[in-house]
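The residues making up each chain are set out below.
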Amino acid sequence: LKDSLDKILAGYKYDKKVMDVAVESKVFGIGVESYTTGSNEFYLNYAASRHICCLLDTGHFHPTENVADKISAMFCFYDKLAFHVSRPVRWDSDHVLKLNDELQDVADELVKCNGLQRSYIGLDYFDASINRIAAMVIGARNMEKALLKALLTPWNLLKEAQDSYDHTRVLALQEELKTLPWGEVWDEYLKQQGMEKKKKMFEEVKQYEKEVL
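This is a predicted model, so every value here is computed, not measured.

Draft legend 1. Main features of unusual backbone geometry. Of note in this structure, histidine 51 is not a glycine but carries a positive phi near 55°. Position of histidine 51 relative to the elements: it lies in the loop between α2 (40-50) and β2 (53-57). Residue tyrosine 165 is not a glycine yet carries a positive backbone phi of 60°. Summarising the element assignment, tyrosine 165 is placed in the loop between α6 (155-163) and α7 (167-177).

Draft legend 2. Expanded view of the pattern of salt bridges. Within this structure, the stated rule accounts for ten salt bridges. Measuring nitrogen to oxygen at the nearest pair gives 3.0 Å for the salt bridge that ties glutamate 109 to lysine 112. With glutamate 109 and lysine 112 both in helix α4 (residues 101-112) and three residues apart, the pair spans about one turn of that helix. Judged by relative accessible area, which is 16%, glutamate 109 ranks as buried.

Rules of the game
Residues numbered from 1 in each chain as written. Predicted model: local features only at pLDDT ≥ 70, side-chain atom pairs only at ≥ 80, totals over all residues. Heavy atoms only, no water. Helix = DSSP H or I, 4+ residues; strand = E, 2+ residues; numbered from the N terminus. Salt bridge = Lys/Arg side-chain N within 4 Å of Asp/Glu carboxyl O. Buried < 20%, exposed > 50% of the residue type's maximum accessible area, 1.4 Å probe, protein only.

Rendered as C-alpha cells:
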C-alpha cells in the first residue's frame, strides 16, 4: 500500500494552493475483518510523512472510541485535517446526523482548537428509509447547530477556571451551559437566511417527494 500510494502521488501533479489530497483510515475491511492494511496507524504516519491531509471518519473507529479525543493531538502535527462526520451504527453504517454528544464533542474540539479554518467537514448518509432531501437538510443543520453551540460556548471562562484548578467552577459552568437558550440564536440565523418558518422546509420536501421523487 505504501509503495502504491507513493507511485500515485509521484505521478499525480496538482496545485496544493487549490487542492488537498487526503487519506482515510478504516478499522476494518470488507471480507478482511481481522486485518486491514489502511489502518489508523498506517495512515496517520503516511499522511504526516508525505505532508498530505489525514481524514477522520467518525464511523471508522471502535464504538468505544471518541473521535473528538484525537483532534487536539492531530492539530499539533497537521496543517489541515479532513472529517467525514456521520452517525455510525456499529461499524460504519452512515446514518443521518443527530445532535448528540458525539457530534457536539467533534464541534467543540474544532472550535476550541481554532481548527475551523484548518478543516474540511464532509457529511453523507446512507439510510434510504427516509426522504433523501430531508436527510441532507436534517444532517447538515445538525452539524451547523453543533458548530453554533460550540461557537457560543465561553471557552475563555472555562479555560480560566481550568488553568486555576477551580474544577468546581468548571463543572458548574458546564452544567449551566446545557440550558442556555442557544435555540434562539439558531432561530435568528434561520430568519436571516429567509427560513424563519420552521415547517417550510418539511412542507417543501414533502411536495418535492410527491411531485418529483
